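Architecture at a glance
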Amino acid sequence: MPAHKSKSQKRNDEEGAQKSSAVVRRDPYEVLGVARNSTDQEIKSAYRKLALKYHPDKNANDPKAADMFQEVTFSYSILSDPEKRRQYDSAGFKAVESESQELELDLSSLGAVNTMFAAIFSKLGVPIKTTVSATVLEEALSGMITILPLPLGQPLLRKVEKQSAHFYSVRITEEEAKGGLVCRVQSCDKSKFKLLYFDQEANGGLSLVLQEDSTKSGKVTSAGMYFLGFPVYRLDHAANSLAAAKDSDTAFFKKLDGFQPCEITELKVGTHVFAVYGDNFFRSASYTIEALCAASFAKEKEDLRAVEARILSKRVELFKFESEYREVVAQFTEMTDRYTQEMQASTAKSKRSSSKEPKEEGQPREKKHSRDRCKKKKWYNLHLKVNQRKAC
């Protein structure tokens, strides 16, 4: 008969089974197939291709594809965040907070109830990142899309359905390519949308390269892409809001960490494809799109470069000030703790001395009375001294 196992042996067997069944996490760089010195744009491009390949909509009955999709998404959530990427490079998965991983939601794959909850949280100010629908990316990659021409300097006013996209082609000459190109989109009814830029594949399809989310500015929402021959920076507000939710001090010093350059600085001669993706939860998005040649904006380009240089210098100064601030706070905390300990010791000492006072209470009182009597004698002794002199 088999021997009965004790409770401790059973517990050890269960822990061993859990450890053996635990999924070993692969290196995020290995999962996405990118090098450790890859740029943000290269990481985004690799993620989008793999996410499209293993998306649940395309692999409904394939559990391995679902696991790969989760692994790809988890790896991208680490490498897409500069702070988490730095933590992982220095100390691996232990340094990454798994509870605060950001996931990009594909609203087209959510049900009505989940979409409603996402919309409520978004209204409450919770930053919710959304991604372009896998269906739109697949249609673009297979070439099953309609592309409308967008002449330079001629704005178009249109309306796009939620989780759908309108594609536009912009043709530029050599002179226009040297002058630079600007593509901007604006919505007067504050609709949420994404401005996309696609690259031509060898098979004739289109792959997503750049993505710019709309942001509120006054009474409109807008997004723009600038190919001016030099790095154009943009500020990621979502990263700042997440940092503020964790720690106000960290949010202040990391405010300019989201100030990152666009990977593509100029466009070549030929035809380029842009798209406007409707990112509202329930309704369509009205917008105006326009493409401009930046050759006539020489002064504005120089002003932009000067402003960016000042912001970058301020970011360096802020980084230096953070180290000084942390050092002063540490010193202040140490002094405060020392003062608190000394005060506690002094209080305890005074309590001990006060408990001994009743035993010696008689002597000080007698001394006090004797002093008072001496003072009274000195006050009334004037006539006595005169009488003593007379006696002599």
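Our subject in this report is the structure included herewith. Note that this is a predicted model, so its numbers are computed, not measured.

A few words on helix α4 (residues 63-79). Taking 1.5 Å per residue, 17 residues should reach 24 Å; α4 reaches 25 Å between its end C-alpha atoms and fits that length. Looking only at α4, the buried set comprises Ala 65, Phe 69, Val 72, Thr 73, Ser 75, Tyr 76, Ser 77, Ile 78 and Leu 79. The elements touched by buried residues of α4 are α2 (28-32), α3 (40-53) and α5 (82-91). Between the side-chain oxygen of the N-cap and the backbone nitrogen of Lys 64 there are 3.2 Å, and the N-cap of α4 in question is Asp 62.

Turning next to the pattern of salt bridges. Counted according to the given criterion, the structure contains 15 salt bridges. Close ionic contact of Glu 212 with Arg 234 constitutes a salt bridge, the shortest N to O distance being 3.5 Å. Pair noted here: Glu 212 is in strand β6 (residues 206-213) and Arg 234 is in strand β9 (residues 233-235), with a separation of 22 residues, a long-range link. With a relative accessible area of 17%, Glu 212 lands in the buried category. Via salt bridges that share partners, Arg 26, Glu 30 and Glu 71 belong to a single interconnected network.

What the five strands build is an open sheet, ordered β1-β3-β11-β5-β6; its pairing is mixed. Only two strands of the sheet have a single partner each, and these edge strands are β1 (147-149) and β6. Within the sheet, the average angular offset between the axes of one strand and its neighbour, ignoring direction, is 30°. Here strand β3 (residues 165-172) runs beside strand β11 (residues 270-278); their pairing, made up of eight bridges, is antiparallel. Note that in β11 the partner of Ile 172 across the bridge is Gly 270. Strands in contact with helix α7 (residues 134-142) are β3, β5 (193-200), β6 and β11; relative to β6, the strand with the most contacts, it is inclined by about 140°.

Within this structure, the stated rule accounts for eleven aromatic pairs. Ring centres of Tyr 233 and Phe 259 lie 4.8 Å apart, and the angle between their planes is 15°; this geometry places the pair in the stacked category. Here Tyr 233, found in strand β9, pairs with Phe 259, found in strand β10 (residues 259-261); they are 26 residues apart in sequence, far enough to count as distant. For Phe 259, a relative accessible area of 8% corresponds to the buried category.

Rules used throughout
Residues numbered from 1 in each chain as written. Predicted model: local features only at pLDDT ≥ 70, side-chain atom pairs only at ≥ 80, totals over all residues. Heavy atoms only, no water. Helix = DSSP H or I, 4+ residues; strand = E, 2+ residues; numbered from the N terminus. Expected span 1.5 Å × (residues − 1). Buried < 20%, exposed > 50% of the residue type's maximum accessible area, 1.4 Å probe, protein only. Contact = heavy atoms within 4.5 Å. Polar contact = N/O pair within 3.5 Å; in protein donor to acceptor, adjacent residues only side chain to side chain. Salt bridge = Lys/Arg side-chain N within 4 Å of Asp/Glu carboxyl O. Pairing = 2+ DSSP bridges. Axes fitted to C-alpha atoms, helices over the stretch in contact; angles between N-to-C directions. Phe/Tyr/Trp six-rings, centres within 6.5 Å; stacked < 30°, edge-to-face > 60°.

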